Amino acid sequence: MMPETQETPKTPWYFKKSSFIVALLVAGPLALPMLWFNPRVKLINKIWISLVVLILTYGLMIWVQ
């Protein structure tokens, strides 16, 4: 008899940390919905990451002008 293996559910690609980082580098603040829909990230972390991304985006906009 073969032993039963319990398969762990795979994490969707859009909830993986590496996918979020790549999307953030490519699309900037447009990647934030990926963060906010991720159920594994705590609310306080979502707020901090969003603030940092928005402040960096604003700073880059001012710097480029």
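Secondary structure summary: the chain contains 3 helices and 0 strands in total. Relative to its 65 residues, the chain shows a buried fraction of 18%. Entry remark: accessible area of the chain is about 6,100 Å², with carbon and sulfur atoms responsible for 71%.

We now examine the layout of surface pockets. For the largest pocket, the calculated volume is near 230 Å³. For the largest pocket, the full set of lining residues is Tyr 14, Phe 15, Lys 16, Lys 17, Phe 20, Ile 21, Met 34, Leu 35, Asn 38, Arg 40, Val 41 and Ile 49. When contributions to the lining of the largest pocket are tallied by element, the ones reaching two or more residues are α1 (17-27) and α2 (32-36). Per-element accounting of the lining of the largest pocket gives the leading share, 3 residues, to α1.

This next bit is on helix α3 (residues 43-64). Its 22 residues give α3 an end-to-end C-alpha distance of 32 Å, which sits within 8% of 32 Å, the value for a rise of 1.5 Å per residue. All buried positions along α3 are accounted for by Lys 46, Ser 50 and Val 53. For α3, the angular spread of buried residues about the axis comes to 70 degrees, placing them on one side. Away from the buried face of α3 by more than 90 degrees, exposed residues Trp 48, Ile 55, Leu 56, Tyr 58 and Trp 63 are located.

Looking now at the packing of aromatic side chains. Within this structure, the stated rule accounts for 2 aromatic pairs. Taking 5.5 Å as the distance between ring centres and 85 degrees as the angle between the ring planes, the aromatic pair formed by Trp 13 and Tyr 14 counts as edge-to-face. Here Trp 13 falls in the exposed class, since its relative accessible area comes to 58%. Taken together, a centroid distance of 4.8 Å and an interplanar angle of 70 degrees make the contact between Tyr 14 and Phe 15 edge-to-face. By relative accessible area, Phe 15 is classed as buried at 18%. Counting every residue linked through ring pairs, the aromatic cluster contains Trp 13, Tyr 14 and Phe 15.

Counting 6 residues, the largest nonpolar core is built from Phe 20, Ala 23, Ala 31, Leu 32, Leu 35 and Val 53. Among residues more than four places away in sequence, those in contact with Leu 32 are Ser 50, Val 53 and Leu 54.

What counts, and where the lines are drawn
Residues numbered from 1 in each chain as written. Predicted model: local features only at pLDDT ≥ 70, side-chain atom pairs only at ≥ 80, totals over all residues. Heavy atoms only, no water. Helix = DSSP H or I, 4+ residues; strand = E, 2+ residues; numbered from the N terminus. Buried < 20%, exposed > 50% of the residue type's maximum accessible area, 1.4 Å probe, protein only. Areas by Shrake-Rupley, 256 points an atom, 1.4 Å probe, with all protein chains shown as cover. 1 Å grid on protein atoms, 1.4 Å probe; cavity = no way out; pocket = protein on both sides within 12 Å on 5 of 7 lines; lining within 4 Å. Points joined across faces, edges and corners; volume = space filled by probe spheres on them. Expected span 1.5 Å × (residues − 1). Arc of directions from axis to C-beta. Phe/Tyr/Trp six-rings, centres within 6.5 Å; stacked < 30°, edge-to-face > 60°. Core = buried A, V, L, I, M, F, W, Y, C linked by side-chain atoms within 4.5 Å. Contact = heavy atoms within 4.5 Å.

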